[in-house]
Every structure is written in C-alpha cells, then in structure tokens.
Amino acid sequence: MEKLIIPEGYVSKLSLLETQIAIKKIKDFFESELSRNLSLIRVSAPLMVRPESGLNDDLNGIERAVRFDMLETKYDVEIVQSLAKWKRMALGSYRFDTYTGLYTDMNAIRRDEDLDNIHSIYVDQWDWEKIIKKEDRNKDTLMQIVKQIYNAFKSTEKYLESLYPFLRNELPEDIYFITTEELLQLYPDKTPKEREYLITKDKKAVFLTEVGKKLSDGTIHDGRAADYDDWNLNGDILFYFSTLDIALELSSMGIRVDKEALLSQLTERNQMHKADFPFHQDVINEKVPFTIGGGIGQSRMCMYFLQKAHIGEVQSAVWSEDMIELCRKNEIHLL
C-alpha cells in the first residue's frame, strides 16, 4: 500500500458510465490512427502458447508465466506475457508485404506484478509488428516509426479535447529522443526511475532508447529480454502524467533481433540454451522476416487522456481489499 499515490483533492472528471463511453471512443479512434499511420491490419492472436515453443516472453526473466495443463491434449500451456515473438512469426506465415504489418488486442495475466496506480495483474495492450528490410535496421527507421506512433497520440488528444474540452493534456508538438547512456550522464546521481521522471517532467514526451544495453557504469537502465528487441535499436515512450506527477510508460518497442544481436544478447544473459528453440532457430537461419514492433498500453493510455488516478478506473481487475478501501475513501472508484 505504500506504493499507492493518492492525489490531493482528486475527483474524477467523468462518472463511471461516462468513463466507459469515453474509453470506447479513445480506443476506437487511436486504433484507427495507429493502423493508418503504420499500414497495419488487425488479426487474431493467441491467449496461450506451449512453453517449449519459445514463443512466450520472459520479460525481465524473473516473472512466472501462468501455466496449466489441458485435459484434452495432456500437455501444458502458458498464458502469453507478450506477443513479441509470435507476431514476427505470424508476419511470415501470413505473407505480409514489406512495410506492412499487423496489430492485435493482447490480453495477458502477469501474476508477479507489484500492484499500484499504474500496474495491474491484467495487461491489455495493442501489440503491433511490421516488416522492414535488413538495411532498415537502424536508428533512422526507429525514430521514424516512433514519430508516426506519436502522431497517433497527438491526433487522439485533439479528438478527445473536441469531445471533452475540460480534459486538456500537455503533449508537446514533438517527442524528445534520448539514450539511456545520455540520461545517465545527465543525472549520474539518480536512480533509473528518477532519471525517467526528471527528463519526462522537463520534456513532457520522451522516447528513451537503448533499454537493456549495458551502461558505462556497468548497470542497465531496465531489463529487457534478450531474444526479441535489439538493445541498440529499441526504447520506451514516456509521457509526463501530471495527475500522479510521474513518468508514465505508454509503449515499449524496438527493431527485433537479427542473428548477430540474438546470439550476442543471449550470451550476455547466459541464456544460450534458448538458441535451440524453434523460434530462435528461425531467427538464426533468417526464416522469419526482419521486423519492428511493440506494445501500447490501452488502459494506461485511457488513464492518461481521462486523467485518472488509478488504472482500476479504466479496467476491471483484481485488487487487495486494503487498496479497494483506500481508493474508495479517496474518491477513486475502481471498476
């Protein structure tokens, strides 16, 4: 409960019913903008995968996937933690053209999540992925895609303000780019989260690049699985969220690993055993396309635009009784 932020004098600007209506409007509009800006087609995606496929995401490597046995098949399956690897495989299977791609509604359960204002055991996001050429695996491509996604956020902001003029936000005209190493040099005496807060409060919208890459002080800014993003070509979209006075991560994305990046990153994390998984063999043998992709948090985006104090105000999940009671006493009405 110490992690729960209670904004002083907080009152939601929309009722519960108005909130539900606004959530639908935001999601529909943003989804359309994202699809148009990135040339994406919506597809269906799995809720579960077999563990031995190597398709599930290890996130930071310590989170436990939800696993259960199927009566019919007699083997275990896992609830996906993200679709980073599945999307890349699907692009090849569906024979998408270069510079086109897919997006899907990704729903997951992260059983080991620490719950607070912005973290829930239930994850809902748009997962997207598009095909690029091998020669496009560079920072110029990454920055171009980030700007296209940011334009979708900006369009959504303008649309929402036309419907609800009292919901004015603070997105700047352009998103600011900075590497994790540059951020370390800027705030050498701060923790990674403190650095994110300071730069995001200053710039309002930030793309923090090279997440997972070892820094000059021997640490990493934040954990990233070794087998999907190239740590030199990835990043997070962060917005300053004045309702909670925090840096709010809206998206994690990146250009995906090729053979060289995969083997290098698996070696660094002492995970070379994964190189024998079917998906990883396909990457090594270039049987899957070169891609860029990521996830965009649906509930977090709704939190931001609707200026909500708790993610439970825009999604229905499970919370401790203590958190429910504390929120109720402070006019934070969880769904």
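Look up a bit, the structure's there.
Owing to the predicted nature of the structure, the values given are computational and were not obtained by experimental measurement.

Student: Sorry, what's going on with the sheet that holds strand β2 (residues 48-49) here?
Tutor: Pairing is antiparallel across the open sheet formed by three strands, whose spatial order is β2-β4-β3. Bordering the open sheet on either side are β2 and β3 (67-69), each of which pairs with just one other strand. With three bridges joining them, β3 and strand β4 (residues 76-79) adopt antiparallel strand pairing. Its bridge partner lying in β4, R67 is registered against E78.

Student: Can you help me understand the nonpolar core in this one?
Tutor: Side chains of nonpolar character tend, in soluble globular proteins, to be buried together. Residues W128, I149, F153, F239, M253 and L306 are the most contacted members of the largest nonpolar core, which totals 56 residues. Here this core gets eight residues from one element, more than from any other, and that element is helix α3 (residues 139-163). Those residues in contact with F153 that sit more than four places away from it in its chain are F30, L171, I237, F239, L250, I296, M301 and F305. Formed by 25 residues, the second largest nonpolar core is a distinct cluster that contains V49, L102, A261 and F279.

Student: When you look at the packing of aromatic side chains in this model, what are you seeing that I'm missing?
Tutor: The description of an aromatic ring pair rests on the distance of the ring centres and on the angle between the ring planes. Per the counting criterion, the structure on display carries twelve aromatic pairs. Residues Y164 and F166 carry aromatic rings whose centres are separated by 6.0 Å and whose planes lie at 70 degrees to one another, so their mutual orientation is edge-to-face. Take Y164: its relative accessible area is 12%, and that puts it in the buried class. Since its relative accessible area comes to 42%, F166 is described here as partly exposed. Seen from their ring centres, F177 and F207 are 5.7 Å apart, and the 65 degrees between their planes marks the pair as edge-to-face. In this pair, F177 sits in strand β7 (residues 176-179) while F207 sits in strand β8 (residues 205-209), placing the two residues 30 residues apart along the sequence. In this arrangement the basic side chain of R50 is found over the ring face of Y75, its NZ or CZ atom lying 3.5 Å from the centre. Directly above the ring of Y176 sits K203, whose terminal nitrogen or CZ lies 4.6 Å from the centroid.

Student: Help me out: how do you make sense of the environment of L306 in this one?
Tutor: Within the secondary structure, L306 is located in helix α8 (residues 298-306). Between the C-alpha atom of L306 and that of K24, which follows or precedes it by 282 residues, the distance is 12 Å. Setting aside anything within four residues of it in sequence, one finds L306 in contact with L14, T19, A22, I23, I26, L160, L167 and V314.

Student: Got a minute to help me understand the sheet that holds strand β1 (residues 40-42) in this structure?
Tutor: Across a sheet, strands are paired by hydrogen bonds formed along the backbone, either parallel or antiparallel in direction. Strand order in the open sheet formed by eight strands is β1-β5-β6-β11-β10-β9-β8-β7, with mixed pairing between adjacent strands. Single-partner strands in this sheet number two, and they are β1 and β7. Ignoring which end each strand starts from, the neighbouring axes of this sheet average 25 degrees apart.

Student: How should I be thinking about the pattern of salt bridges in this particular structure?
Tutor: Where charged atoms from two side chains of opposite charge approach closely, those side chains can pair. Counted under the stated rule, the structure contains 25 salt bridges. Residue K85 is joined to D227 by a salt bridge in which the shortest nitrogen-to-oxygen separation is 3.4 Å. With K85 in helix α2 (residues 84-93) and D227 in the loop between β8 and β9 (229-241), this pair connects stretches of sequence that are 142 residues apart. In this pair, the class of K85 matches that of D227, namely buried. Linking E210 and K213 is a salt bridge whose minimum nitrogen-to-oxygen distance equals 3.5 Å.

The rules behind the values
Each chain carries its own residue numbering, running from 1 in the direction its sequence is written. Owing to the predicted nature of the model, reporting of local features is limited to residues with pLDDT of at least 70; listing and counting of side-chain atom pairs is limited to 80 or more, with chain, interface and lining totals taken over all residues. Side-chain numbers come from the whole structure's heavy atoms, not from hydrogens or water. The rule for pairing is simple: two strands pair if DSSP sees at least two bridges between them. Helix and strand assignments follow DSSP, with helices taken as H or I runs no shorter than four residues and strands as E runs no shorter than two, numbered in order from the N terminus. Only buried residues count toward a nonpolar core, which is a set of Ala, Val, Leu, Ile, Met, Phe, Trp, Tyr and Cys residues joined through side-chain atoms within 4.5 Å. Each residue's exposure class comes from its accessible area (1.4 Å probe, protein chains only) as a fraction of the maximum for that residue type: buried when under 20%, exposed when over 50%, partly exposed otherwise. The contact criterion used throughout is that any non-hydrogen atoms of two residues lie within 4.5 Å. We call Phe, Tyr and Trp rings a pair once their centres come within 6.5 Å, taking the six-membered ring for Trp, and we label the pair stacked below 30 degrees between planes, edge-to-face above 60, and tilted otherwise. Criterion for a charge above a ring: Lys NZ or Arg CZ within 6 Å of the ring centre, and within 35 degrees of the ring normal. The convention used is that axes are lines fitted to C-alpha atoms, helices contributing only their stretch in contact, and that angles between N-to-C directions extend from 0 to 180 degrees. Put simply, a salt bridge is a Lys or Arg side-chain nitrogen that is within 4 Å of an Asp or Glu carboxyl oxygen.

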